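In case you want the letters, here they are:
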Amino acid sequence: MAYETIIVEVEDHVATIKLNRPDALNALNTQLLGELTAALAEADENDKVRCIIITGSAKAFAAGADIKEMSEKSYVDMFMSDFFGKEGNAVIKTRKPIIAAVAGYALGGGCELAMMCDFIIAADTAKFGQPEINLGVIAGIGGSQRLTRFIGKSKAMDMNLTGRFMDAEEAERSGLVSRVVPAKSLMEEAKGAAEKIAEKSMISAMAVKEAVNRSYETTLSEGLLYERRLFHALFATEDQKEGMAAFMEKRTPQFRDR
Ligand code: CO8
């Protein structure tokens, strides 16, 4: 499918989706989020793809939802279209692992999109923020919920109430991002991580996603039971036999997603 606001490239089992509205710092408008939704569905269905990277430009991952598009909307418009509800769900429903590779601004919906991915690798130039309060609104797709779970109440309140930006170093210290790398090696690092994931059994990788994400939705004892049952279930796969045999035979496993 031809896209206008994103660029999709598939190489070595990794689909890289680059947000591409440079004149608007990759602000998330209806077209971009529609195209992102379609590209994620395509990547999820493409057997060649085993990991997905979402990235932006050197200046901006995404500077938020498109303020120009939203400014004249009414409550009824927002409610009746369930503004960005479907698109947000599309990201979190993607079954293959998604890495956010963030350089520059990840603000508002941009920070929220990064948080919807499975983990965030940040360039040392990254700046995260939930500045919606400056526009007379609040975060709408996770900035008050996911951010609070990731960095705790005090920092989430600080970010959402003051609208200040958090640099990459603070974001790593606070648990928002998994690693910080020099800006020039961001894509190399993200692709390296994606290729490592691509080598695993897709069944295990999808099970990891389900288990970790479940920890945000349930009690500890239910989550532990869910994890243990998934662990047990993986003994029904050929990949478990292959992974353990390869360990004992001191060779690299050849996973076949079976
Ligand atoms: N929307 C639309 N256009 C934008 C946005 C945006 N979020 N951010 C930047 N742009 C545009 C600017 O208007 C400008 O365009 P133009 O040249 O035509 O005026 C161009 O991008 C470059 O921006 P600046 O000139 O402002 O660049 P600076 O380097 O001076 O500043 C900043 C960069 C600090 C990132 C600044 O652009 C800024 O503050 N942007 C807005 C950040 C923001 O407030 N984000 C939150 C938006 S609201 C939101 O995300 C809600 C999410 C929830 C929605 C889901 C609901 C369910």
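Residues numbered from 1 in each chain as written. Predicted model: local features only at pLDDT ≥ 70, side-chain atom pairs only at ≥ 80, totals over all residues. Heavy atoms only, no water.

## Regarding the overall build of the chain
Short version of the rule: Helix and strand assignments follow DSSP, with helices taken as H or I runs no shorter than four residues and strands as E runs no shorter than two, numbered in order from the N terminus. The buried label applies to any residue whose accessible area, calculated with a 1.4 Å probe on protein chains only, is under 20% of its type's maximum; exposed applies above 50%, and partly exposed to all values in between. What sets the accessible areas is the Shrake-Rupley method with a 1.4 Å probe; for residues, cover comes only from the shown protein chains. The charge count includes Lys and Arg as positive and Asp and Glu as negative, but it does not include His or the ends of the chains. Each charge is placed at NZ for Lys, CZ for Arg, CG for Asp and CD for Glu.
The helix and strand inventory of the chain stands at 12 helices and 10 strands. Considered along the principal axes of its C-alpha atoms, the chain spans approximately 60 × 45 × 40 Å. By the burial criterion, 43% of the 258 residues in the chain qualify as buried. Accessible surface for the chain amounts to roughly 14,000 Å². Of this, 57% is attributable to carbon and sulfur atoms. Computed over 32 positive and 38 negative side-chain charges, the separation of the two mean positions in the chain equals 5 Å.

## Here's the deal with the site of the ligand
Note the cut-off: Whether a residue is near a molecule or strand depends on its heavy atoms: if one lies within 4 Å, it is near. Under this definition, polar contacts are N or O atom pairs within 3.5 Å; protein pairs additionally need one hydrogen-donor-capable and one acceptor-capable atom, and for neighbouring residues in sequence, both atoms have to be side-chain atoms. Under the grouping applied here, Gly and all other residues not named as nonpolar or charged are polar, the nonpolar ones being Ala, Val, Leu, Ile, Met, Phe, Trp, Tyr, Cys and Pro and the charged ones Asp, Glu, Lys and Arg.
Residues in close proximity to the ligand total 24 residues, the closest being K59, A63, A65, I67 and G109. In the environment of the ligand, an oxygen atom lies 2.8 Å from a nitrogen or oxygen atom belonging to the backbone of G109. Put simply, the parts of the chain that give the shell around the ligand at least two residues each are α2 (67-70), β6 (105-107) and α5 (109-116). A total of three residues in the shell around the ligand trace back to one element, the largest contributor, which is α2. Residues of the shell around the ligand, tallied by class, amount to 14 nonpolar, four polar and six charged.

## Thoughts on the pattern of salt bridges
The line we're drawing: Within this document, salt bridges are pairs made up of a side-chain nitrogen of Lys or Arg and a carboxyl oxygen of Asp or Glu, the two lying within 4 Å of each other.
Tallied over the entire structure, the rule returns 13 salt bridges. Across the pair R50 and D257 runs a salt bridge whose closest N-O atoms are separated by 2.7 Å. Taken together, the residues R50 in the loop between α1 (30-45) and β3 (51-55) and D257 in the segment after α12 (238-248) connect sequence positions 207 residues apart. Relative accessible area serves as the criterion here: at 11%, R50 is assigned to the buried category. Via salt bridges that share partners, K155, D158, R164 and E170 belong to a single interconnected network.

## Focus on the sheet that holds β3
Quick reminder of the rule: We call two strands paired when DSSP finds no fewer than two bridges between them. Angles here are taken between N-to-C directions and fall from 0 to 180 degrees, while the axes themselves are lines fitted to C-alpha atoms, restricted in helices to the stretch in contact.
Read across the open sheet, the six strands follow the order β1-β2-β3-β5-β7-β10; overall the sheet is mixed. With partners counted over all chains shown, the strands left at the sheet margins are β1 (6-11) and β10 (179-181), one partner each. In this sheet, neighbouring strand axes are inclined to one another by 20° on average, regardless of whether the strands run parallel or antiparallel. Where strand β2 (residues 14-19) and β3 come together, five bridges link them in parallel fashion. Counterpart to I17 in the pairing with β3 is I54.

## Comments concerning the packing of α1 against helix α4 (residues 85-93)
As a reminder of what qualifies: Each angle gets one of four labels, with under 35 degrees taken as roughly parallel, over 145 as roughly antiparallel, 65 to 115 as roughly perpendicular, and the rest as oblique. Helix crossings get a hand from a simple test, with the near helix turned counterclockwise from the far one by less than a right angle marking a left-handed crossing and a clockwise turn marking a right-handed one. Should any heavy atoms of two residues lie within 4.5 Å, those residues are considered in contact.
For the pair α1 and α4, interaxial distance at closest approach is 9 Å and the crossing angle is 25°. With respect to α4, the element α1 is oriented roughly parallel. Helix-helix and strand crossings are classified by hand; for α1 and α4 the assignment is left-handed. Residues L33, G34, T37, L40 and D44 of α1 lie in contact with α4, whose contacting residues are E87, A90, V91 and K93. Here the contact of α1 with α4 is composed, by residue class, of four nonpolar, two polar and three charged.

## A word on the pairing of β1
Within a regular strand, the side chains alternate between the two sheet faces. Judged from the six bridges that link them, β1 and β2 form a sheet pairing that is antiparallel. Bridge pairing links I6 to L19 in β2.

## Remarks on the packing of aromatic side chains
Note the following rule: Whether two aromatic rings pair depends on their centres lying within 6.5 Å, for rings of Phe, Tyr and Trp, where Trp uses its six-membered ring; planes under 30 degrees apart make the pair stacked, over 60 edge-to-face, and the rest tilted. For a ring to carry a charge above it, either NZ of a lysine or CZ of an arginine must fall within 6 Å of the ring centroid while also lying within 35 degrees of the normal to the ring plane.
Inspection of every chain in the model, using the stated rule, returns five aromatic pairs. Consider the rings of Y75 and F79, whose centres lie 5.7 Å apart with planes at 25°: the pair is stacked. You can see Y75 and its partner F79 sitting in helix α3 (residues 75-81), four residues apart, about one turn around the helix. On the numbers, 5.8 Å between centres and 65° between planes, the contact of F150 with Y216 is edge-to-face. Taken as a pair, F150 in helix α6 (residues 146-151) and Y216 in the loop between α10 (202-214) and α11 (220-233) lie far apart in primary sequence, 66 residues in all. F150 sits in the partly exposed class, given a relative accessible area of 23%. One cation-aromatic arrangement involves R214 over Y226; the distance from NZ or CZ to the ring centre is 3.9 Å.

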